Amino acid sequence: MRIDLHTHSSASDGTETPADLLRSAAAAGLDVVALTDHDTTAGWQVAASARPPGLTVVPGMEMSCRWFPADSPPISVHLLAYLFDPTHPGFAAERARLRDERLARGERIVRALAADGHPVSWERIVEQSDGGVVGRPHIARALVDAGVVESVDHAFTTLLHHHSPYYVAKVDTDVREGIALVRAAGGVPVFAHGLATKRGRVVGDAAVAAMAEAGLLGIEVDHPDHAPDERLHLRGLAADLGLIVTGSSDYHGTNKTTVIGACTTDPHQFEAILAAGTGSAPFRD
Ligand code: AMP
Ligand code: ZN
Ligand code: FE
Ligand code: FE
């Protein structure tokens, strides 16, 4: 069994449509794939209807959250959510707020870039996102197309880096509220890429313990952005806190160099997610 529980389609900032992403998953020999677009469930219906036979599709999402340390600015944390009820009103409202927040923040970044002479247009970026939830990868792509940078990765290490003067933070959900919303909707919250330091500051063990106290059920341990020692540390933390351990690729199509299935989840851990998720069912034969 090969199980990848973290992928992005064009419903957010991946480059493949949900249907193409499922085809890629099947072609890569995966048995189970979760669709976890940023702050949206828009890909779920297509994924359900375009599912290749034999492939199990787990409906999911990656929620933009923040942890508030006592004595420093908020730290961005991503919360994977599986098998929740997409119609839960409180959770649906918060997702809509996060999408509005992404639009407002994306527009501020792009207008500032344009004001300094970089040939990018917010209107064109929104048009090219084709209804997908806009993220920095869309802006990066526009910068590549305009010849300002040579690659999406180059955009992230320069103009779109979190230390760039053009960077604007989003007002993301307090992660403890996010965890509560996912649980209220019958879902399974899993802390995504918790030690991926290249994305910015990361939280300490005490924060993860507090998240577990708030209802967190799992930690993503195997992720392309985690070094071996970081995986070891997170595996120990998960054991100490009694949390499910996952491994996933965080596939984004050609917006990243990572291949689908680059990291995978143990079948027993997947069973624990299936047992805990009560808000919706996987799409399967
Ligand atoms: P945002 O959510 O708008 O802040 O943008 C962050 C997204 O960009 C995340 O989904 C990351 O996976 C993605 N990302 C971060 N760094 C890179 C990179 N170097 N190349 C491509 N995508 C990246
Ligand atoms: Zn992304
Ligand atoms: Fe993420
Ligand atoms: Fe992701």
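Only a predicted model underlies this, so the values are computations on that prediction, with no experimental measurement involved. (Residues numbered from 1 in each chain as written. Chains lettered and ligands numbered in written order. Predicted model: local features only at pLDDT ≥ 70, side-chain atom pairs only at ≥ 80, totals over all residues. Heavy atoms only, no water.)

1. Focus on the coordination of the iron ion (ligand 3)
Stage number 1. Those donors, Glu62 (OE), His78 (ND1) and His193 (NE2), are the protein atoms that reach the iron ion (ligand 3), and they lie 2.0 to 2.2 Å from it.
Stage number 2. Spacing between the donor residues of the iron ion (ligand 3) along their common chain follows E-x15-H-x114-H.
Stage number 3. Here the zinc ion (ligand 2) and the iron ion (ligand 3) are spaced 5.8 Å from one another. With a gap of 131 residues between them, Glu62 in strand 3 (residues 56-67) and His193 in the loop between strand 6 (188-191) and helix 8 (205-213) connect regions that are remote in the sequence. (Donors = N, O, S within 2.8 Å, 3.2 Å for Na, K, Ca; no water. Helix = DSSP H or I, 4+ residues; strand = E, 2+ residues; numbered from the N terminus.)

2. Focus: the coordination of the iron ion (ligand 4)
Stage number 1. The coordination sphere of the iron ion (ligand 4) contains the protein donors His6 (NE2), His8 (NE2), Glu62 (OE) and Asp250 (OD), at a distance range of 2.1 to 2.2 Å.
Stage number 2. For the iron ion (ligand 4), the four donor atoms are set out with angles of 77 to 166° between them, so the coordination reads as irregular.
Stage number 3. In this model, the iron ion (ligand 4) sits 4.5 Å from the zinc ion (ligand 2). Placement of His6 in the loop between strand 1 (3-4) and helix 1 (18-27) and of Glu62 in strand 3 is noted, with a sequence separation of 56 residues between them.
Stage number 4. With relative accessibility at 0%, the residue His6 sits in the buried group.
Stage number 5. Residue Glu62 is classed as buried on the basis of its relative accessible area of 1%. (Tetrahedral: all angles 85-135°; square planar, octahedral: opposite > 155°, others 65-115°. Buried < 20%, exposed > 50% of the residue type's maximum accessible area, 1.4 Å probe, protein only.)

3. Quick notes on helix 7 (residues 175-184)
Stage number 1. Within the span of helix 7, buried status applies to Val175, Gly178, Ile179, Leu181 and Val182. When helix 7 is viewed along its axis, its buried side chains cluster within an angular range of 165° and face the same direction.
Stage number 2. Elements that come into contact with the buried residues of helix 7 comprise strand 3, strand 4 (75-82), helix 3 (89-115), strand 5 (173-174), strand 6 and helix 8.
Stage number 3. With a side-chain oxygen positioned 2.9 Å from the backbone nitrogen of Arg176, the residue opening helix 7 is Asp174. (Arc of directions from axis to C-beta. Contact = heavy atoms within 4.5 Å. Polar contact = N/O pair within 3.5 Å; in protein donor to acceptor, adjacent residues only side chain to side chain.)

4. As for the nonpolar core
Stage number 1. Among the nonpolar cores identified, the biggest contains 33 residues, and Met63, Leu79, Phe91, Val175, Val203 and Ile219 are the most heavily contacted of them.
Stage number 2. In terms of residue count, the dominant contributor to this core is helix 8 (five residues).
Stage number 3. Listed in part, the 18 residues of the second largest apolar core include Ile125, Ala140, Ala142 and Ala155. (Core = buried A, V, L, I, M, F, W, Y, C linked by side-chain atoms within 4.5 Å.)

5. Some points on the packing of helix 8 against helix 9 (residues 228-241)
Stage number 1. Helix 9 packs onto helix 8 with a crossing angle of 40° between their chain directions and a minimal axis gap of 11 Å. Put simply, helix 8 runs oblique to helix 9. In this structure, helix 8 crosses over helix 9, and the sense of that crossing is right-handed. Every residue of helix 9 that contacts helix 8 at Asp205, Val208, Ala209 and Ala212 is listed here: His233, Leu237 and Leu241.
Stage number 2. Here the contact of helix 8 with helix 9 is composed, by residue class, of five nonpolar, one polar and one charged. (Axes fitted to C-alpha atoms, helices over the stretch in contact; angles between N-to-C directions. Parallel < 35°, antiparallel > 145°, perpendicular 65-115°, else oblique. Left-handed = near helix turned anticlockwise from the far one by under 90°. Nonpolar A, V, L, I, M, F, W, Y, C, P; charged D, E, K, R; others polar.)

6. A short note on the pattern of salt bridges
Stage number 1. For the structure shown, the criterion picks out 13 salt bridges.
Stage number 2. For the salt bridge of Arg51 with Asp285, the shortest nitrogen-to-oxygen distance reads 2.9 Å. With Arg51 in the loop between helix 2 (44-49) and strand 3 and Asp285 in the segment after helix 10 (267-276), this residue pair connects regions lying 234 residues apart in the sequence.
Stage number 3. For Arg51, a relative accessible area of 19% puts it in the buried group. (Salt bridge = Lys/Arg side-chain N within 4 Å of Asp/Glu carboxyl O.)

7. A word on the site of ligand 1
Stage number 1. Residues in contact with ligand 1 amount to 14 residues; listed here are only the nearest, His38, Arg105, Arg136, Asp153 and Lys256.
Stage number 2. Separating an oxygen atom of ligand 1 from a side-chain N or O atom of Arg102 is a distance of 3.1 Å.
Stage number 3. Within the side chain of Arg105, a nitrogen or oxygen atom sits 2.8 Å from an oxygen atom of ligand 1.
Stage number 4. Burial of ligand 1 by the surrounding chains reaches 91%, relative to a free accessible area of 500 Å².
Stage number 5. Elements represented by at least two residues in the shell around ligand 1 include exactly helix 3, helix 5 (136-145) and helix 6 (152-157).
Stage number 6. Looking at the shell around ligand 1, the element that brings in the most residues is helix 6, giving three residues.
Stage number 7. Split into classes, the residues belonging to the shell around ligand 1 amount to three nonpolar, four polar and seven charged. (Near = heavy atom within 4 Å. Areas by Shrake-Rupley, 256 points an atom, 1.4 Å probe, with all protein chains shown as cover.)

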